[in-house]
Amino acid sequence: MAKNQKVDDFLKELSHKRKSDIEALRHLILACSPEISEHVKWNAPSFCVNGDDRLTMRLHPGDRLQLILHRGAKPEDKATFQFEDRSGLIEWATPDRGVLTIPEGDFMSIRKVEIADVVKNWIAATRK
């Protein structure tokens, strides 16, 4: 798990009610694969594979914590892309852009295995 100093600095300065959940989600994502890298995008931690953005946290407005699953700015094969959400945690904006909302409370600890599976499966699906 290779953390990025800019993300460390960003989180150090971040004033957010859900900061502990944000840090837990970051750790969980980075632990899913050694090929995941991170940077700051959309004023939040964002995660890449081979330099391509795949997952980005959404922290605002308010106390929000969501994980946006995406395939970059201009995915080529939108019509043929498929992803099976076995967890049922994702709300789909388009067939290749989903939102996983992390509610307050014990959700992160209770559902962390499912969240990790979503991340691993999303990374695998976006490699194809």
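Everything numeric here is computed off the predicted structure, so don't read it as measured data.

## Details of the pairing of strand β1 (residues 36-41)
- Both β1 and strand β2 (residues 44-49) contribute to a ladder of six bridges, which runs antiparallel. Along β2, the bridge assignment pairs valine 40 with proline 45.
- Counting the residues in the hairpin turn of β1 and β2 gives two residues, including tryptophan 42, whose phi is positive at 55°.

## Section: the sheet that holds strand β3 (residues 52-58)
- Taken in spatial order, the six strands of this open sheet run β1-β2-β3-β4-β6-β5, and their pairing is antiparallel. Strands at the two margins of the open sheet, each flanked by one partner only, are β1 and β5 (90-94). Adjacent strand axes in the sheet meet at a mean angle of 25°, parallel and antiparallel pairs treated alike.
- Bridge count between strand β4 (residues 66-69) and strand β6 (residues 97-101): four bridges; the pairing is antiparallel. Note that in β6 the partner of leucine 69 across the bridge is glycine 98.
- Packed onto the sheet, helix α4 (residues 112-127) meets β1, β2, β3, β4, β5 and β6 and runs at close to 150° relative to β3.

## A few points about the confidence of the model for the protein
- Confidence along the protein averages 87 in pLDDT terms, with 88% of residues attaining 70 or more.
- For the protein, β5 is the element with the lowest average pLDDT, namely 87, and helix α2 (residues 19-31) is the one with the highest, namely 95.

## Some points on the nonpolar core
- In terms of nonpolar packing, the biggest core is built from 35 residues, with Leu25, Ile29, Ile36, Leu55 and Met57 touching the most fellow members.
- Those elements that place two or more of their residues in this core are α1 (5-13), α2, β2, β3, β4, α3 (107-110) and α4.
- The dominant element in this core, judged by the number of residues it contributes, is α4, at seven residues.
- Ignoring anything within four residues of it in the chain, the contact list for leucine 25 reads Met57, Leu65, Leu67, Ile102, Met108 and Ile115.

## Some details on α4
- With 16 residues, α4 should cover 22 Å at 1.5 Å per step; its first-to-last C-alpha distance of 23 Å lies within 8% of that length.
- All of the buried residues in α4 are Ile115, Ala116, Val118, Val119, Trp122, Ile123, Ala125 and Thr126.

Conventions we followed
- Residues numbered from 1 in each chain as written.
- Predicted model: local features only at pLDDT ≥ 70, side-chain atom pairs only at ≥ 80, totals over all residues.
- Heavy atoms only, no water.
- Pairing = 2+ DSSP bridges.
- Helix = DSSP H or I, 4+ residues; strand = E, 2+ residues; numbered from the N terminus.
- Axes fitted to C-alpha atoms, helices over the stretch in contact; angles between N-to-C directions.
- Contact = heavy atoms within 4.5 Å.
- pLDDT = per-residue confidence, 0-100.
- Core = buried A, V, L, I, M, F, W, Y, C linked by side-chain atoms within 4.5 Å.
- Buried < 20%, exposed > 50% of the residue type's maximum accessible area, 1.4 Å probe, protein only.
- Expected span 1.5 Å × (residues − 1).

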